[in-house]
Amino acid sequence: MNRRKVLSWFGLGWLASLLPSSLIGCSEAKSPSGSSSASAPESVAAAPSANFKVIGTVAQLDKDGQLVSDKIAVVRDPKDANKVLAVNATCTHNGCTVKWKTADQQFVCPCHDAKFGADGAVRQGPANKPLPRYAAKIEKGQVLVAVS
Ligand code: FES
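Just so we're clear, the structure is a prediction, and the values are computed from it rather than from any experiment.

How each quantity is defined
- Residues numbered from 1 in each chain as written.
- Predicted model: local features only at pLDDT ≥ 70, side-chain atom pairs only at ≥ 80, totals over all residues.
- Heavy atoms only, no water.
- Pairing = 2+ DSSP bridges.
- Helix = DSSP H or I, 4+ residues; strand = E, 2+ residues; numbered from the N terminus.
- Axes fitted to C-alpha atoms, helices over the stretch in contact; angles between N-to-C directions.
- Salt bridge = Lys/Arg side-chain N within 4 Å of Asp/Glu carboxyl O.
- Buried < 20%, exposed > 50% of the residue type's maximum accessible area, 1.4 Å probe, protein only.

(A) The arrangement of the sheet that holds strand E11 (residues 142-147) in detail. Spatially, E1-E11-E10 is the arrangement adopted by the three strands of the open sheet, whose pairing is antiparallel. The sheet is open, and its two borders are formed by strand E1 (51-57) and strand E10 (136-139), each paired with just one other strand. With strand direction ignored, the average angle separating the axes of adjacent strands in the sheet is 35°.

(B) Representation of the pattern of salt bridges within the structure. One pass over the full model with this rule turns up six salt bridges. A salt bridge links Lys-53 to Asp-70; the shortest N-O distance between them is 2.8 Å. Here Lys-53, found in strand E1, pairs with Asp-70, found in the loop between strand E2 (67-69) and strand E3 (72-77); they are 17 residues apart in sequence, far enough to count as distant.

(C) A look at the pairing of E3. Of all six residues in E3, five are buried, a share of seventy percent or more. Both E2 and E3 contribute to a ladder of three bridges, which runs antiparallel. Directly across from Ser-69, in E3, lies its bridge partner Ile-72. In this structure, E3 lies alongside strand E4 (residues 80-88), joined through six bridges in antiparallel fashion. Across the sheet, residue Ala-73 finds its bridge partner in E4, namely Val-87. What sits between the antiparallel neighbours E3 and E4 is a turn of two residues.

(D) Main features of the sheet that holds strand E9 (residues 133-134). Within the open sheet, the four strands sit side by side as E2-E3-E4-E9. Their pairing is antiparallel. The strands lining the two open edges of the sheet, one partner per strand, are E2 and E9.

The values are spatial; any link to function lies outside them.
If you want it as structure tokens, here you go:
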């Protein structure tokens with residue numbers, strides 16, 4: 001092996017060692033919370049160890065328009081009637097309990113009239129943070145919500 005070939009192998013090795021750090025430098029930076037907007041609902045993916053708790057039945061949900069249990073409110077997803085959405089019903093403004101208004105498809109706070117979408121997103125202030133979300137699903141006629 002001549003000197004030129006040895007130097008070219010070292011050069012390739014050096015370039016290969018720089019590649020991972022170059023790729024990391026090009027990745028998109030994220031905010032500490034992982035969300036890009038102050039009013040965007042939190043992610044609702046259930047942790048692998050999440051315990052799903054039965055909140056009620058699908059029949060009860062369809063009869064009443066919502067299920068409420070221990071500050072957890074569950075409604076049908078307006079975008080997909082086969083899915084359910086679960087939020088913490090505690091208003092993010094001052095802690096009153098929001099109420100689901102089926103006709104308007106939104107949660108309304110009785111204290112200062114803040115409004116939230118079915119997914120917890122703020123539609124009207126004074127609240128400026130979304131209602132926290134929980135993973136939720138339907139199984140065998142039961143509505144289940146992930147509680148950690
Ligand atoms: Fe809900 Fe003020 S406590 S809007």
